[in-house]
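Observations on the model geometry
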There are 2 protein chains.
Amino acid sequence: MFGDVSPAYHPLNTETVPAYVRSRPELADIFRPDDVIESVEVGDGNLNLVFKVWAAADHSRTIVLKQALPYVRLVGDSWPLPTDRARIEAQALEIHERLVPQHTPHVYFFDPDMYLIAMRNLNDHIIMRKGLIQGIKYPHFAEHIGLFMARTLSSTSDLVLDYRTKKLEVARFINPELCKITEDLIFTEPYRRHERNRYHAELEPHVAAIQADIGLHVEVAQLKEQFMTHAQALVHGDLHTGSIMVNQTDTYVIDPEFAYYGPMGFDVGAVIGNLLLNYAAHEARSSDPQVRADFRRYLTNTIIQVWYVFVREFQPVWERADVIDMPRLYQESYMRRVLQDSVGFGACKMMRRIIGLAGVEDIRGIEDVGQRTTAASLALNIATTMIKARHHITRIEEVVEIAEAARPTL
Amino acid sequence: MFGDVSPAYHPLNTETVPAYVRSRPELADIFRPDDVIESVEVGDGNLNLVFKVWAAADHSRTIVLKQALPYVRLVGDSWPLPTDRARIEAQALEIHERLVPQHTPHVYFFDPDMYLIAMRNLNDHIIMRKGLIQGIKYPHFAEHIGLFMARTLSSTSDLVLDYRTKKLEVARFINPELCKITEDLIFTEPYRRHERNRYHAELEPHVAAIQADIGLHVEVAQLKEQFMTHAQALVHGDLHTGSIMVNQTDTYVIDPEFAYYGPMGFDVGAVIGNLLLNYAAHEARSSDPQVRADFRRYLTNTIIQVWYVFVREFQPVWERADVIDMPRLYQESYMRRVLQDSVGFGACKMMRRIIGLAGVEDIRGIEDVGQRTTAASLALNIATTMIKARHHITRIEEVVEIAEAARPTL
């Protein structure tokens, strides 16, 4: 699982892509032998090369190649990463495509020697984070992502899988190195002085307060423990708005290389937390209070709707459940605990995006430093309250109330 | 993992044991080529053949052979069971011997073709359950089992293992078929009409009340969910007093074939729950109130001491912990949650021993049916309160208070 790199492995570049593409029989329906094939490397993630590839004569004949690098791209080859994550991603995409084909990019093939996945080029879609930063609303997003999460999480859990398949799937998706990144970057480093943390100097007093808040650390330690031990469902593991491709009609979830058996709330929380980061950013982003209020209402309504759709699409599982094994009160408790987990994990993801290594454009992209500090401080306060109050939360509306009541410290 | 039976596999019998033993070089220090080797099959479990083997000329030169059968012995070959459990048991014993050699029978070898473990014959020890039924006290037991559990559970958890080893160990100890037995027999069948349940007719009104108690079912469903999803540590998985060999000086834990990554409280609870079953049995077993009260005090003191030793022996792990990652309040919360889990799981184990398939001699062995009903009903009431009250329990003494306050319904 963590052996040496395959001898056939070599990182592709735009010069070697055409020959590679022509060598793959799975692509014979897309590219013809006499095609001139063009490509461009567009990876803006930290872990992979991503090539958009097309026929020069017909740009609609196009694919994406995603190739794992054996190190974390952002920090260079000092941080090696196993290429096994490409297998994990390919197998998770296969499961997602089976369960929710309408929200999963089609995979043409996985090349286990090159740690490479060839998949549909979502050329008509943009990364959701970029859209939200521009103030674009996505009217179907809540419906789509709620369905995606309900299907992928319920169908990979003990609620649907038989006892043996579930346990063998846990083993197949053991993903130590990628989980370790989350354990460190999300649950550890933001809460202490750490060389990998990144935030602007003006935020220091608020960060210092968070790093001195032992009550908060106790809660984060419990969430970290749960991330490390609670094998509830096959989670995407990195379901922020940068892993979602959207337009006005479609929603696609990409990049499940962090997939492993973990708590359902880790995915639901990623969506909620990233919507709230954008909510906090809009404190500063628009000068027109009317526009700002309107977009924030869109975001909070979306959060509420995501949860309601999730619960609604989860419901068929409960309807098939044996009520002696799982009484209604247990079913309600299960969903309430997923909500509380989502609130806690979502907040941890907000924290790390403000204090830790990998910031988000929503907030770090705010040019005016005063406005950036305000937005970041607001996000930290929303997240702190979510983490501490999550045990008492029983309705998604309470999360929105927390966000609306919060004020920046700085 | 669940493939066909090895072609070299054949169940041993007392006629074939001598040749097999002589064929194993690992035993050359124990048995000489000219030894007459004798054996007897003593398995009283449900899943295996167990041979005691000795040199006729010197009974001190002796071993035990434990061979997995491919079906559940108690119900015959209609219930097939994977022989992979012998590998699990051998690997768990290896870990236990490394961590607590003083409480683990030495393993001479594991034969992967015969699904057979050759181990030390604990000839000077008896199954603890039998001793307790006879009213024998074991003055070092609490000290020994508390140490055994603290070492084996803490040392296989994320608290001690590095992130990668822990996750690979989870995969190595995936044990679906044996976990399924627990899921069915402990968490499912006792709470419904089921053909495998076994209890005497006089207990029916109390069983009917338990099977109609939805509040109880909700709690049991949460405990089952936790058993199935909470990969906290490598648990023994079947740590009742029938898996413990004792005398006045020593304690050995045997039979970890149910080992898997689960909640620590599942082991601690097994010990507590089985001591409480014996406690309930002593309601009826002795006619002398003085003797009865004395032995019950021994049992409740033992329960308290087991927990205190467990906490004390766990302490070095916390002393090495980083207090930013794991503040003292988190450490206390961790131990409190292990206690609450132990109370819940221990109670579930009591329930199944009264209502479900595999009863315990402590109670089923009571000849007088009225006394047997009293003891069983008392055990059910202790267990019901433990399950429902566990969220509020913060001290082990509260468990003893629950037991002392409980009265039989019938």
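As the structure is a prediction and not an experimental result, all values here were calculated from the model. (Residues numbered from 1 in each chain as written. Chains lettered and ligands numbered in written order. Predicted model: local features only at pLDDT ≥ 70, side-chain atom pairs only at ≥ 80, totals over all residues. Heavy atoms only, no water.)

1. Structural notes on the overall build of chain A
- Regarding its fold elements, chain A presents 14 helices and ten strands.
- Expected size for 410 residues packed as a compact globule is a radius of gyration near 22 Å; at 21 Å, chain A falls within 12% of this value.
- Taken over the C-alpha atoms alone, chain A extends approximately 60 × 60 × 40 Å along its principal axes.
- Scored against the burial criterion, the 410 residues of chain A give a buried share of 63%.
- In chain A, the share of contacts with a sequence separation of at least 24, taken over all contacts with a separation of at least 6, comes to 73%.
- Looking at chain A, you have 43 positive and 54 negative side-chain charges, and the mean spots of the two groups are 3 Å apart. (Helix = DSSP H or I, 4+ residues; strand = E, 2+ residues; numbered from the N terminus. Rg over C-alpha atoms; globule rule 2.2 N^0.38 Å. Buried < 20%, exposed > 50% of the residue type's maximum accessible area, 1.4 Å probe, protein only. Contact = heavy atoms within 4.5 Å. Lys, Arg positive; Asp, Glu negative; His and termini not counted. Charge placed at Lys NZ, Arg CZ, Asp CG, Glu CD.)

2. Some remarks on the packing of aromatic side chains
- All told, the structure shown has 32 aromatic pairs over all chains when counted by the stated rule.
- Taking 6.1 Å as the distance between ring centres and 80 degrees as the angle between the ring planes, the aromatic pair formed by F187 of chain B and F345 of chain B counts as edge-to-face. One end of the pair, F187 of chain B, is in the loop between helix 6 (176-185) and helix 7 (204-211); the other, F345 of chain B, is in helix 11 (residues 328-355), and 158 residues separate them in sequence. Taken as a pair, F187 of chain B and F345 of chain B share a single burial class, namely buried.
- Here F314 of chain B and Y334 of chain B contribute two aromatic rings whose centre-to-centre distance is 6.3 Å and whose plane-to-plane angle is 45 degrees, an arrangement assigned as tilted. Residue F314 of chain B is located in helix 10 (residues 289-320), and its partner Y334 of chain B is located in helix 11; the two are separated by 20 residues in the primary sequence.
- F314 of chain B sits in the buried class, given a relative accessible area of 0%.
- Ring pairing ties together the aromatic residues W307, F310, F314, W318, Y330 and Y334 of chain A, which thus form one cluster.
- The ring of F109 of chain B has R24 of chain B sitting right over it, with the charged end atom 4.0 Å from the ring centre. (Phe/Tyr/Trp six-rings, centres within 6.5 Å; stacked < 30°, edge-to-face > 60°. Lys NZ or Arg CZ within 6 Å of the ring centre and 35° of its normal.)

3. Focus: the pattern of salt bridges
Residue and element names in this part refer to chain B.
- Taken as a whole, this structure holds 56 salt bridges over all chains when the rule is applied.
- In this structure, E143 engages R312 in a salt bridge whose closest nitrogen and oxygen atoms are separated by 2.3 Å. Taken together, the residues span a long stretch of sequence, with E143 in helix 4 (residues 141-155) and R312 in helix 10 at a distance of 169 residues.
- By relative accessible area, which is 42% here, R312 ends up partly exposed.
- The residue K180 makes a salt bridge to D184 at a minimum N-O spacing of 3.2 Å. On the criterion of helical spacing, the pair formed by K180 and D184 is a turn pair, its members being four residues apart in helix 6.
- Looking at K180, the relative accessible area reads 27%, which means it is partly exposed. (Salt bridge = Lys/Arg side-chain N within 4 Å of Asp/Glu carboxyl O.)

4. With respect to the relation of the copies chain B and chain A
- In screw terms, the move from chain B to chain A is a rotation of 180 degrees and a rise of 0.0 Å along the axis, fitting with an RMSD of 0.0 Å. What the rotation and shift describe, once combined, is the action of a two-fold rotation axis. (Least-squares fit on C-alpha atoms with pLDDT ≥ 70 in both.)

5. Some points on the interface of chain B and chain A
- Of the residues lining the interface, 40 residues belong to chain B; the matching set on chain A comes to 40 residues.
- Summed over both sides, the interface between chain B and chain A buries roughly 3,500 Å², with carbon and sulfur atoms accounting for 61% of that surface.
- At the junction of chain B with chain A, the criterion picks out ten salt bridges.
- The closest approach of N and O atoms between E177 of chain B and R164 of chain A, which form a salt bridge, is 2.5 Å.
- The leading source of residues in the side of chain B that touches chain A is helix 8 (residues 214-229) of chain B, at nine residues.
- Tallied by class, residues from the side of chain B that touches chain A come to 20 nonpolar, seven polar and 13 charged. (Buried area = accessible area lost by both parts, 1.4 Å probe. Nonpolar A, V, L, I, M, F, W, Y, C, P; charged D, E, K, R; others polar.)

6. What to know about the domain arrangement of chain A
All names here are of chain A.
- For chain A, the assigned domains are domain 1 (17-120) and domain 2 (126-405).
- Between the C-alpha centres of domain 1 and domain 2 there is a distance of 27 Å.
- Of the residues lining the interface, 25 residues belong to domain 1; the matching set on domain 2 comes to 30 residues.
- Taken over both partners, the interface formed by domain 1 and domain 2 buries close to 2,400 Å², and the fraction arising from carbon and sulfur atoms is 67%.
- On the surface where domain 1 and domain 2 come into contact, there are three salt bridges.
- A salt bridge links K66 to D255, with the shortest nitrogen-to-oxygen separation between them at 2.7 Å.
- At the boundary of domain 1 and domain 2, one finds seven residue pairs in polar contact (both at pLDDT 80 or more).
- At ten residues, the largest contribution of residues to the side of domain 1 that touches domain 2 is made by helix 2 (residues 84-99).
- Partitioned by chemical class, the residues of the side of domain 1 that touches domain 2 number 13 nonpolar, six polar and six charged. (Domains from an automatic or database assignment. Polar contact = N/O pair within 3.5 Å; in protein donor to acceptor, adjacent residues only side chain to side chain.)

7. A short note on helix 14 (residues 396-405) of chain A
- Most of helix 14 of chain A sits inside the fold, with seven of its ten residues counted as buried.
- When helix 14 of chain A is considered as a whole, its buried residues turn out to be I396, E397, E398, V399, V400, I402 and A403 of chain A.

8. Topic: the sheet that holds strand 1 (residues 37-41) of chain B
Residues and elements named next belong to chain B.
- As summarised here, the arrangement of the five strands in space is 1-2-3-5-4, forming an open sheet in which the pairing is antiparallel. In the strand order of this sheet, the two ends are held by strand 1 and strand 4 (107-111), each with one partner. Ignoring strand direction, the axes of neighbouring strands in this sheet form an average angle of 20 degrees.
- Note that strand 3 (residues 58-68) and strand 5 (residues 116-120) share five bridges and pair antiparallel. (Pairing = 2+ DSSP bridges. Axes fitted to C-alpha atoms, helices over the stretch in contact; angles between N-to-C directions.)

9. Notes on the sheet that holds strand 6 (residues 126-127) of chain B
Residues and elements named next belong to chain B.
- In space, the three strands of this open sheet follow the order 6-8-9, with antiparallel pairing throughout. Of all strands in the sheet, those bounded by a partner on one side alone are strand 6 and strand 9 (251-253).
- Note: strand 6 against strand 8 (residues 244-246), two bridges, orientation antiparallel. When the sheet's bridge partners are listed, I127 is paired in strand 8 with M245.
- Along the sheet face, helix 4 touches strand 8 and strand 9 and points at about 35 degrees away from the line of strand 9.

10. A few points about the side chain of T300 of chain A
Residues and elements named next belong to chain A.
- Here T300 lies in helix 10 (residues 289-320).
- Since its relative accessible area comes to 4%, T300 is described here as buried.
- Residues within four places of T300 in sequence aside, it is in contact with Y279, V400 and E404.

11. What to know about the state of the cysteines
- Scanning the entire structure with this criterion turns up zero disulfides over all chains.
- C179 of chain A forms no disulfide, and the closest cysteine sulfur to it belongs to C348 of chain A, at a distance of 15 Å. (Disulfide = S-S within 2.5 Å.)

12. Here we look at the environment of L159 of chain A
Residues and elements named next belong to chain A.
- Topologically, L159 is positioned in the loop between helix 4 (141-155) and helix 5 (163-172).
- Spatially, the C-alpha atom of L159 lies 40 Å from that of S377, the residues being 218 residues apart in sequence.
- Here L159 is in contact with F314, V317, W318, M326 and Y334, once residues within four sequence places are set aside.

13. Let's talk about helix 5 of chain A
- Among the residues of helix 5 of chain A, those classed as buried are Y163, K166, K167, E169, V170 and A171 of chain A.
- Check the buried side of helix 5 of chain A and you find it contacts helix 2 and strand 10 (260-262) of chain A together with helix 5 (163-172), helix 6 and helix 8 of chain B.

14. Here's the deal with unusual backbone geometry
All names here are of chain A.
- Even without being a glycine, Y115 presents a positive backbone phi close to 50 degrees.
- Its location among the elements puts Y115 in the loop between strand 4 (107-111) and strand 5 (116-120).
- Positive phi outside glycine occurs at D255, with the angle close to 65 degrees.
- Following the sequence through the fold, D255 ends up in the loop between strand 9 (251-253) and strand 10.
- The class of D255 is partly exposed, set by a relative accessible area of 22%.

15. Examining the pairing of strand 4 of chain B
All names here are of chain B.
- By the bridge criterion, four bridges tie strand 4 to strand 5 in an arrangement that is antiparallel. What sits directly across from D111, in strand 5, is L116.
- Taken together, strand 4 and the strand that follows it, strand 5, pair antiparallel across an intervening segment of four residues, in which Y115 is found at a positive phi of about 50 degrees.

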